[in-house]
Amino acid sequence: LEPQHVAVAMAARLEPRKGHTYLFQAVERLASEHPDLRVFILGDGAHRAALEAEVASRGLTSRVHFLGHRTDLARVLAAVDVSVLTSLWEGLPRVLVQSAAAGRPIVTFDVEGAWEVVREGENGFIVPTRDIDRLTARLDTVLRDRRRARAMGLVGRQQVTEAWTVETMIDRLDAMYTRNARDRVA
């Protein structure tokens, strides 16, 4: 990366349900307005060759870089400007928590678990699944206003620090057990 580059990362297995193609379509649309945009794809999978071919067919090989499986995800996320997730379905996408902890704004499809981590407009954006227009617009918003993007990242980091600490999780488990015990007695 050079200082002028704006970097986006997506960490996900390379398989169709992760929806990489939607990110590539958005990047293709954003290319002329954001000549310094670079995208890093983290993860491996059987679909890698097909995704690399798609990137080439869209003329994005100088912008989209496949980094493979990484054991230093926190470090990579800390080095980019925005974290994206275009999965078509998930449980609780841990990468969203990791992205918030790294202080990065998030742009994600509306998958299960996204609302647990992303506060719309505060630390990121949740867009309807497969909506390329909204994905592109939200990415454009974050890429154009770097000050706002940094502020969103700080909100996400603070949220994770407060909501996902061991103490907070223990308090939540304790409350759940207390409710369950009370319900069984009643």
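Reading the values: rules and limits
- Residues numbered from 1 in each chain as written.
- Predicted model: local features only at pLDDT ≥ 70, side-chain atom pairs only at ≥ 80, totals over all residues.
- Heavy atoms only, no water.
- Buried < 20%, exposed > 50% of the residue type's maximum accessible area, 1.4 Å probe, protein only.
- Helix = DSSP H or I, 4+ residues; strand = E, 2+ residues; numbered from the N terminus.
- Pairing = 2+ DSSP bridges.
- Right-handed = clockwise from strand over helix to strand, strands pointing away.
- Salt bridge = Lys/Arg side-chain N within 4 Å of Asp/Glu carboxyl O.

Moving on: the pairing of strand β2 (residues 37-42). Within β2, 6 of the 6 residues are buried, which leaves the element mostly enclosed by the surrounding structure. Taken together, the 6 bridges between strand β1 (residues 6-11) and β2 define a ladder with parallel strand orientation. In the strand pairing of β2, A11 is matched with L42. Handedness of the crossover joining β1 and β2 through helix α1 (residues 20-30): right-handed. As defined by bridge partners, β2 adjoins strand β3 (residues 64-68) across 4 bridges and the pair is classed as parallel. Bridged to F40 within β3 is H65.

Let's shift gears to the pattern of salt bridges. Two side chains of opposite charge can pair, provided their charged atoms sit close to one another. One pass over the full model with this rule turns up 14 salt bridges. The residue E52 makes a salt bridge to R48 at a minimum N-O spacing of 2.9 Å. Remark: R48 and E52 occur in helix α2 (residues 48-57); sequence separation between them is 4 residues, near one turn of the helix. The partly exposed category is assigned to E52, whose relative accessible area is 33%. R75 is paired through a salt bridge with D72; the nearest N and O atoms lie 3.2 Å apart. Taking relative accessible area as the criterion, R75 reaches 61% and is therefore assigned exposed. One salt-bridge network, held together by shared partners, links R13, E15 and R17.

These figures capture arrangement, not role.
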